[in-house]
Amino acid sequence: MGNSLHNKIYLGRSTGFASRRFQGVLAVGAILAAGLLWIALRAH
């Protein structure tokens, strides 16, 4: 319960930087996952 409250305060305090950095990491992760999936499918 306290952890969720802390997360709300942290996200509310730095919304722009956190969301922008999260979107960047998510985009890179999605591209890497898609590349690995493509290689795995082509290997078979």
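What you see is a predicted model, and the numbers here were worked out from it, not measured in a lab.

Quick word on the overall build of the chain
Step number 1: Check the secondary structure of the chain and you find two helices and zero strands.
Step number 2: For the chain, with 44 residues in total, the buried portion stands at 2%.
Step number 3: In the form shown here, the chain has an accessible surface area of approximately 4300 Å², with 71% of it arising from carbon and sulfur atoms.

Describing the UniProt feature "transmembrane region" (unreviewed entry) in the chain
Step number 1: Mapped onto this numbering, the UniProt entry gives "transmembrane region" (unreviewed entry) at residues 21–41.
Step number 2: Strand forms 0% of residues 21–41 and helix 100%; the C-alpha atoms that close the span are 30 Å apart.

Structural notes on a nonpolar patch on the surface
Step number 1: Together, Leu-36, Trp-38 and Ile-39 make up a nonpolar patch on the protein surface, roughly 390 Å² of accessible area in all.
Step number 2: Relative to the assigned elements, Trp-38 resides in helix 2 (residues 15–43).

Rules used in this analysis
Residues numbered from 1 in each chain as written. Predicted model: local features only at pLDDT ≥ 70, side-chain atom pairs only at ≥ 80, totals over all residues. Heavy atoms only, no water. Helix = DSSP H or I, 4+ residues; strand = E, 2+ residues; numbered from the N terminus. Buried < 20%, exposed > 50% of the residue type's maximum accessible area, 1.4 Å probe, protein only. Areas by Shrake-Rupley, 256 points an atom, 1.4 Å probe, with all protein chains shown as cover. UniProt positions renumbered as here; feature names shortened; annotations may be inferred. Patch = residues over 30% accessible without salt bridge, like charges linked within 9 Å, V, L, I, M, F, W, Y side chains within 5 Å. Salt bridge = Lys/Arg side-chain N within 4 Å of Asp/Glu carboxyl O.

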